[in-house]
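# Commentary on secondary and tertiary structure
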Amino acid sequence: MTDGVIIYHNPRCSKSRETLKLLEDKEITPSVVKYLDTPPNPDTLSDILQMLKIEDPRQLMRTHEQEYKDNNLADLSLSRDDLINAMVKFPRIIERPIVISNGKAAIGRPPVSILDIL
């Protein structure tokens, strides 16, 4: 049963694994999107940012990742669309895990922060 819950998951990330386990412990079987293999498209990322109530896409970016630095994504002249497209092209820079439920989203850092949207 999926319960309409989606997790953007990286199995190599401990917080992502802990968040998935938390969902399963609550008897929720989410749709699992391994976003490194299947990155969200720009429209989906824009929707996620809106659900998270994030104005600046950099707030959803892992700014210490090499792709962030190599592509000068700290450049303040970059538009919202530029940053969203960078996350599509370089999904490793997307903060994780992201859980979506009931039209709301939460980042599982810490994992218990997702409980507010379930």
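Looking at an unreviewed UniProt entry, one finds the protein chain named Arsenate reductase and attributed to uncultured Thiotrichaceae bacterium. Quoted verbatim from the Sequence similarities (unreviewed entry) field of UniProt, the annotation for the protein chain is "Belongs to the ArsC family."

## Describing the pattern of salt bridges
Applying the stated criterion across every chain yields a total of six salt bridges. Between Arg58 and Asp56 there is a salt bridge, with the nearest N and O atoms lying 3.5 Å from each other. Measuring nitrogen to oxygen at the nearest pair gives 3.2 Å for the salt bridge that ties Glu65 to Arg62. Pair check on accessibility: Glu65 and Arg62 agree, each one buried. Put simply, Arg62, Glu65, Glu95 and Arg109 are held in one network by salt bridges that share partners.

## Regarding helix 1 (residues 14-25)
Along an α-helix, residues three or four positions apart point the same way, because every turn accommodates 3.6 residues. Here helix 1 spans 16 Å end to end across 12 residues, near enough to the 16 Å set by a 1.5 Å rise per residue. Three or more residues of helix 1 are buried, namely Ser16, Thr19, Leu20, Leu22 and Leu23. Viewed end-on, helix 1 has its buried residues packed into an arc of 155 degrees, placing them on one side of the element. Residues of helix 1 that are buried in the fold lie against strand 1 (6-9), strand 2 (31-34) and strand 3 (98-101). Backbone geometry just downstream of helix 1 places Glu27 in the positive-phi region, at approximately 60 degrees.

## A few points about the packing of helix 2 (residues 42-52) against helix 4 (residues 80-89)
At a closest axis distance of 9 Å, the pairing of helix 2 and helix 4 adopts a crossing angle of 110 degrees. It follows that helix 2 is roughly perpendicular to helix 4 by the angle criterion. Crossing hand, helix 2 versus helix 4: right-handed. Packed against helix 2, whose contacting residues are Pro42, Leu45, Ser46 and Leu49, the element helix 4 presents Arg80, Ile84, Asn85, Met87 and Val88 at the interface. Tallied by class, the residues present in the contact of helix 2 with helix 4 amount to six nonpolar, two polar and one charged.

## What to know about the sheet that holds strand 1
The sheet built from four strands is open, its strands ordered 2-1-3-4 with mixed pairing. Each end of this open sheet is capped by a strand with a single partner; those strands are strand 2 and strand 4 (104-107). Shown here is a sheet whose adjacent strand axes are inclined to one another by a mean of 20 degrees, direction ignored. Alignment of strand 1 against strand 2, held across four bridges, turns out to be parallel. Note that in strand 2 the partner of Ile6 across the bridge is Ser31. Here helix 1 sits on the sheet in contact with strand 1, strand 2 and strand 3, set at roughly 160 degrees to strand 1.

Thresholds applied
- Residues numbered from 1 in each chain as written.
- Predicted model: local features only at pLDDT ≥ 70, side-chain atom pairs only at ≥ 80, totals over all residues.
- Heavy atoms only, no water.
- UniProt positions renumbered as here; feature names shortened; annotations may be inferred.
- Salt bridge = Lys/Arg side-chain N within 4 Å of Asp/Glu carboxyl O.
- Buried < 20%, exposed > 50% of the residue type's maximum accessible area, 1.4 Å probe, protein only.
- Helix = DSSP H or I, 4+ residues; strand = E, 2+ residues; numbered from the N terminus.
- Expected span 1.5 Å × (residues − 1).
- Arc of directions from axis to C-beta.
- Contact = heavy atoms within 4.5 Å.
- Axes fitted to C-alpha atoms, helices over the stretch in contact; angles between N-to-C directions.
- Parallel < 35°, antiparallel > 145°, perpendicular 65-115°, else oblique.
- Left-handed = near helix turned anticlockwise from the far one by under 90°.
- Nonpolar A, V, L, I, M, F, W, Y, C, P; charged D, E, K, R; others polar.
- Pairing = 2+ DSSP bridges.

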